Amino acid sequence: MIILGIILAIAGWLLSIPVLLYLGVILLVVGIVLMVAGSAGHAVGGRRHYY
């Protein structure tokens, strides 16, 4: 999810499409939050680890 967010954010910035940029940033933030929550030992979505 983090990689997809980075790709969409860069594509949105290069192509000047704000929707892709915002979507990429949102996916990036959600991916980082899930990664931090998973690495802290909290169950995320019923799973012990988030990959």
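The notes below deal with the structure included here.

About the cut-offs
- Residues numbered from 1 in each chain as written.
- Predicted model: local features only at pLDDT ≥ 70, side-chain atom pairs only at ≥ 80, totals over all residues.
- Heavy atoms only, no water.
- Helix = DSSP H or I, 4+ residues; strand = E, 2+ residues; numbered from the N terminus.
- Buried < 20%, exposed > 50% of the residue type's maximum accessible area, 1.4 Å probe, protein only.
- Contact = heavy atoms within 4.5 Å.
- Expected span 1.5 Å × (residues − 1).
- Arc of directions from axis to C-beta.

## Quick look at the overall build of the protein
The secondary structure content of the protein amounts to two helices and zero strands. Taking all 51 residues of the protein together, the buried fraction comes to 16%. Considering only intrachain contacts with a sequence separation of at least 6, the fraction spanning at least 24 residues in the protein is 26%.

## Some words on helix α2 (residues 18-39)
With 22 residues, α2 ought to run about 32 Å at 1.5 Å a step, and its terminal C-alpha atoms sit 32 Å apart, in line with that. Buried within α2 are the following residues: G24, G31 and G38. Mapping the buried residues of α2 onto a view down its axis gives an arc of 65°, with all of them on the same face. Residues of α2 that are exposed and point more than 90 degrees away from the buried face comprise Y22, I26 and V33. At its buried positions, α2 is contacted by α1 (2-14).

## Comments concerning unusual backbone geometry
Here S16, not a glycine, exhibits a phi torsion of approximately 55°, which is positive. One can find S16 in the loop between α1 and α2. Classification of S16 by relative accessible area gives exposed; the value is 61%.

## What about α1?
Taking 1.5 Å per residue, 13 residues should reach 18 Å; α1 reaches 18 Å between its end C-alpha atoms and fits that length. Turning to α1, its buried residues number three or more, namely G5, L8, A9 and G12. Down the axis of α1, the buried side of the element spans an arc of 100°, and every buried residue falls inside it. Of the exposed residues in α1, those oriented more than 90 degrees away from the buried face are I3 and L14. Those residues of α1 that are buried lie in contact with α2. Downstream of α1 by one or two residues, S16 has phi in the positive range, about 55°.

Coordinates in, geometry out; function isn't part of it.
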